[in-house]
Structures are given as C-alpha cells and as structure tokens.
Amino acid sequence: MRFRHPDGSIVHLSYCTNVHPAETLDGVRAQLRDHCEPVRRRLGRDRLGIGLWLAREAARVLINDPAELRALRAELDSRGLEVVTLNGFPYEGFGADEVKYRVYRPDWTEPERLAHTTDLARLLAALLPDDVTEGTISTLPLAWRTPYATDPGAARTARAALTTLAQRLDALAELTGKSIRIGLEPEPGCTVETTADAIAPLTDVGHERIGICVDTCHLATSFEDPDTALDALAAAGIPVVKSQLSAALHAEHPHLPEVRTALATFAEPRFLHQTRTRTAAGLRGTDDLDEAVAGGALPDSTPWRAHFHVPLHAPPAPPLTSTLPVLRATLARLVGGPVPLTRHLEVETYTWQALPAELRPRTRTQLADGIAAELTLARDLLVDLGLKELP
C-alpha cells in the first residue's frame with residue numbers, strides 16, 4: 001500500500017510474511033498464493049506491499065538461478081504484490097516448533113550472516129518495482145548478548161562485517177541504480193537492546209546505508225520513550241531506514257493473581273518472550289515470559305511488558321492490554337511531521353499461531369481477515385496523520 005506524504009514523497013506500508021512459515025522457494029510461492037493475494041483482495045486493493053522473508057535456502061536458490069528470480073518477480077506482479085523491504089533477521093527455521101534463541105544465529109560475528117544479507121540485498125534490488133529506487137532490509141541487532149559481551153574481538157568483527165556490507169551496497173547501487181539500506185533492529189536481550197545501544201556501533205560504521213529499524217513492540221518492551229529515542233537517533237545522524245509496526249503485551253498490575261494467570265496463557269514454547277519492568281534502579285528483565293510469571297525473578301510493583309507481538313487491532317482482554325499507544329506515538333513522529341523520518345513501514349505480527357488457543361486463527365480465511373484488519377488499522381492511522389492513500 002502506498003501513501004503520499006504532505007511533502008510529496010511516497011510512504012510504503014506492507015505486512016511481513018514471516019507470519020507464514022516457509023523455508024523453500026516453493027513455500028514462498030505458496031505464501032503468495034494462499035495468504036498474500038487473499039489479504040490484498042480483502043482490502044480491495046489492486047496492489048499490496050509485502051515485507052518478504054526469504055530463508056537461507058530460498059534465497060540461495062534465487063541467487064543461483066536468475067530464471068527463478070525472474071519468475072518470482074513475474075508472480076509478484078501477476079498477484080498484485082510488490083516488495084520494497086525484506087525481513088533479514090531470521091536466517092532459517094523460523095517456522096520450527098521451537099525457535100527461541102536459535103533466531104539469533106548466525107550473528108554478525110559469523111560470515112554466514114554477511115553472506116546471507118549480501119544475497120538479500122542483491123535479490124531485493126531485482127525485486128523492487130520499476131518505479132522504486134530504494135529498498136530496505138531489517139537485520140539482527142549484532143548478536144544475542146552472550147557470548148558477545150565476553151568476547152573482546154566480537155565488536156571489532158561485527159563492525160568489519162557491517163563495513164564490508166556497506167561497501168557492497170555502494171557497489172550494488174552503482175551497478176543497478178537501486179539503493180538498498182540495512183537497519184539493525186534493536187531487541188530486548190540482544191547486544192543492541194535499545195535504540196540508545198545502537199548509536200555507538202552505528203556511529204563506528206558511519207555509513208548512510210547502515211541505520212536502524214525501529215520495531216515498536218521492542219521499543220515498548222524496553223520502556224523507551226519514542227520522542228526521546230528518535231531525537232537521540234536524529235542527533236547522532238543515525239537514519240531510521242524502516243519501522244516495524246507491532247505491539248507488545250502490557251500488564252499494569254503484575255502482582256495480582258488474575259494478571260499472572262492471564263500472562264501465563266501467553267507463555268508458549270516456540271518464541272522467546274523477553275519480559276521487562278522499569279524500576280527506580282533501572283530496567284529489569286527476564287529472557288522469557290514463563291520465568292517472570294513463575295515469580296521472584298522480577299519486581300511486580302511496576303508494570304510489566306513482554307515481547308509478544310499481539311495483533312494490532314485486537315488487544316488482549318482485561319486485565320491485560322497492548323502497547324498500541326506506543327505504536328501510535330512512534331508513528332506520529334516517524335511520518336506525522338513535515339518530512340517523513342522513514343518511508344518504509346511494515347506490520348510484523350508473526351505470533352498469530354502462538355496466541356492462546358482461543359485467540360488463534362483456525363483457518364487461512366481467519367488469518368487473512370486478521371492481517372487485513374491490522375493493515376486497515378495502520379492505514380487509518382496514516383490517513384489521520386495527513387497521508388493520502390494512493391490507488
């Protein structure tokens with residue numbers, strides 16, 4: 001979906017396909033047929049943006065076979081789908097029964113991460129619509145905090161990899177005329193947990209094609225204030241290359257038994273749900289929601305937030321809620337001013353099948369309806385901020 005900002009520039013809205021498990025190219029094609037095109041039709045749009053997730057195996061097939069890449073581009077066009085952004089964070093296995101810490105490997109100290117991201121940049125340059133010259137890719141925020149924090153050479157290795165990537169992106173732009181930018185995506189528990197953590201390493205790299213992806217669930221989980229975060233990034237000259245629109249799980253009164261019971265229904269074995277609370281002594285947290293719910297690991301006199309991407313249009317029932325207000329405030333700063341701070345927005349609720357059983361979509365139709373409802377909410381927020389929806 002495309003929108004015209006009051007300054008005349010185009011802002012793109014998509015949804016991320018990592019909600020649909022697919023490791024192979026055939027799986028990607030099935031996503032387009034079974035999910036993406038039906039969502040487009042529900043929205044009554046001739047064209048829908050998707051934030052494509054290409055696992056390692058699918059990406060390698062496309063890199064090694066130009067005919068397959070041309071066929072994928074043709075299929076996107078025929079189904080009324082367009083790609084301006086990729087999710088390069090998960091490498092493979094995102095649809096496994098248990099993902100947890102595996103999603104952070106390989107990290108930016110390992111050559112596989114650089115190779116994969118380079119492949120994704122080349123593929124995105126070929127998949128961009130003819131009238132679009134800029135693409136974006138979100139990626140791992142360097143690494144999970146351990147063992148990175150205890151390895152004296154880790155930061156140097158990651159910085160060298162990102163510098164090499166920047167050079168490759170420059171060369172790709174010269175070759176294709178397409179500018180691909182990469183955004184580190186701060187996430188709780190990682191080396192770059194917050195936007196503030198991103199400033200030093202990105203300043204060290206010091207390249208306009210390497211910036212940050214602001215995920216509004218992650219921002220909220222770490223209790224970051226959107227204005228403070230975005231002001232600091234602007235002051236440091238760090239570009240927001242894209243933003244993922246998502247909402248975290250919020251518990252205002254975690255000391256109450258009924259709140260603990262409600263939270264426990266969201267503790268599940270597939271994804272990691274880092275949980276945080278803000279105290280007078282600073283941010284406290286656990287690596288997963290079940291650790292927090294069990295008691296003793298976190299103080300419970302202040303609100304808790306958990307890294308669980310809840311559907312934007314359907315916050316959990318009381319006594320829980322979502323951090324949709326943080327999304328609203330962040331979006332207002334990103335695109336509500338005289339000039340957009342980013343032009344790529346991506347709804348990223350990948351946890352539909354990890355919701356408590358009574359909230360999960362049971363059919364493709366129900367899932368498509370939910371994704372369409374999320375995109376409708378995001379569209380309405382953009383229109384309320386003064387952007388004009390384009391055909």
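As the structure is a prediction and not an experimental result, all values here were calculated from the model.

Engineer: With reference to specific residues and values, describe the nonpolar core.
Structural biologist: Of all hydrophobic cores here, the largest spans 115 residues; its most connected members are L13, Y15, W108 and L375. The greatest single-element share of this core, amounting to nine residues, is contributed by helix 13 (residues 364-384). For W108, the residues in contact, after removing those within four places along its chain, are R113, L114, T117, T139, L140, L142, T157, A158, A161, L162, L165 and L184.

Engineer: Tell me about helix 3 (residues 66-78), residues and numbers included.
Structural biologist: With 13 residues, helix 3 ought to run about 18 Å at 1.5 Å a step, and its terminal C-alpha atoms sit 18 Å apart, in line with that. Along helix 3, the residues that are buried comprise L69, L72, R73, E75 and L76. Buried residues along helix 3 cover an arc of 160 degrees about the axis, so they all sit on one side. Facing away from the buried surface of helix 3 by more than 90 degrees, the exposed residues are R70 and S78. Check the buried side of helix 3 and you find it contacts helix 1 (25-43), strand 3 (48-52), helix 2 (56-64), strand 4 (81-87) and helix 4 (111-127). For helix 3, the N-terminal cap is D65; the gap from its side-chain oxygen to the backbone nitrogen of A67 is 3.1 Å.

Engineer: A description of the packing of helix 12 (residues 324-335) against helix 13 should follow, citing residues and the corresponding values.
Structural biologist: Across the interface, helix 12 lies against helix 13 with an axial gap of 10 Å and an inter-helix angle of 45 degrees. Relative to helix 13, the element helix 12 is oriented oblique. The interaxial crossing formed by helix 12 with helix 13 has right-handed handedness. Counting all contacts with helix 12, which are made through L324, L327, R328, L331 and V335, the residues of helix 13 involved are L377, L381 and L382. In terms of residue class, the contact of helix 12 with helix 13 is made up of seven nonpolar, no polar and one charged.

Engineer: Before we move on, could you go through the pairing of strand 14 (residues 344-347) and cite the residues and values that matter?
Structural biologist: Because side chains alternate across strand 14, one face comprises the buried residues H344 and E346, and the other comprises L345 and V347, equally buried. When strand 2 (residues 10-16) meets strand 14, the two strands line up parallel, connected through four bridges. Counterpart to S14 in the pairing with strand 14 is E346. Across three bridges, strand 8 (residues 240-245) lies against strand 14 in parallel orientation. Bridge pairing links L245 to V347 in strand 14.

Engineer: With reference to specific residues and values, describe the pattern of salt bridges.
Structural biologist: As enumerated under the stated definition, the model contains 32 salt bridges in all. The residue R41 makes a salt bridge to E37 at a minimum N-O spacing of 2.8 Å. Linking R41 with E37, this pair stays in helix 1, spanning four residues, or about one helical turn. Classification of R41 by relative accessible area gives exposed; the value is 58%. Measuring nitrogen to oxygen at the nearest pair gives 2.4 Å for the salt bridge that ties R60 to D119. Separated by 59 residues along the polypeptide, R60 in helix 2 and D119 in helix 4 bring together distant segments of the chain. Look at R60 and you get partly exposed, because its relative accessible area is 34%. Connected via shared salt-bridge partners are D26, R29, E37, R40, R41, E68, E75 and R79.

Each value, and the rule that gives it
- Residues numbered from 1 in each chain as written.
- Predicted model: local features only at pLDDT ≥ 70, side-chain atom pairs only at ≥ 80, totals over all residues.
- Heavy atoms only, no water.
- Core = buried A, V, L, I, M, F, W, Y, C linked by side-chain atoms within 4.5 Å.
- Buried < 20%, exposed > 50% of the residue type's maximum accessible area, 1.4 Å probe, protein only.
- Helix = DSSP H or I, 4+ residues; strand = E, 2+ residues; numbered from the N terminus.
- Contact = heavy atoms within 4.5 Å.
- Expected span 1.5 Å × (residues − 1).
- Arc of directions from axis to C-beta.
- Polar contact = N/O pair within 3.5 Å; in protein donor to acceptor, adjacent residues only side chain to side chain.
- Axes fitted to C-alpha atoms, helices over the stretch in contact; angles between N-to-C directions.
- Parallel < 35°, antiparallel > 145°, perpendicular 65-115°, else oblique.
- Left-handed = near helix turned anticlockwise from the far one by under 90°.
- Nonpolar A, V, L, I, M, F, W, Y, C, P; charged D, E, K, R; others polar.
- Pairing = 2+ DSSP bridges.
- Salt bridge = Lys/Arg side-chain N within 4 Å of Asp/Glu carboxyl O.

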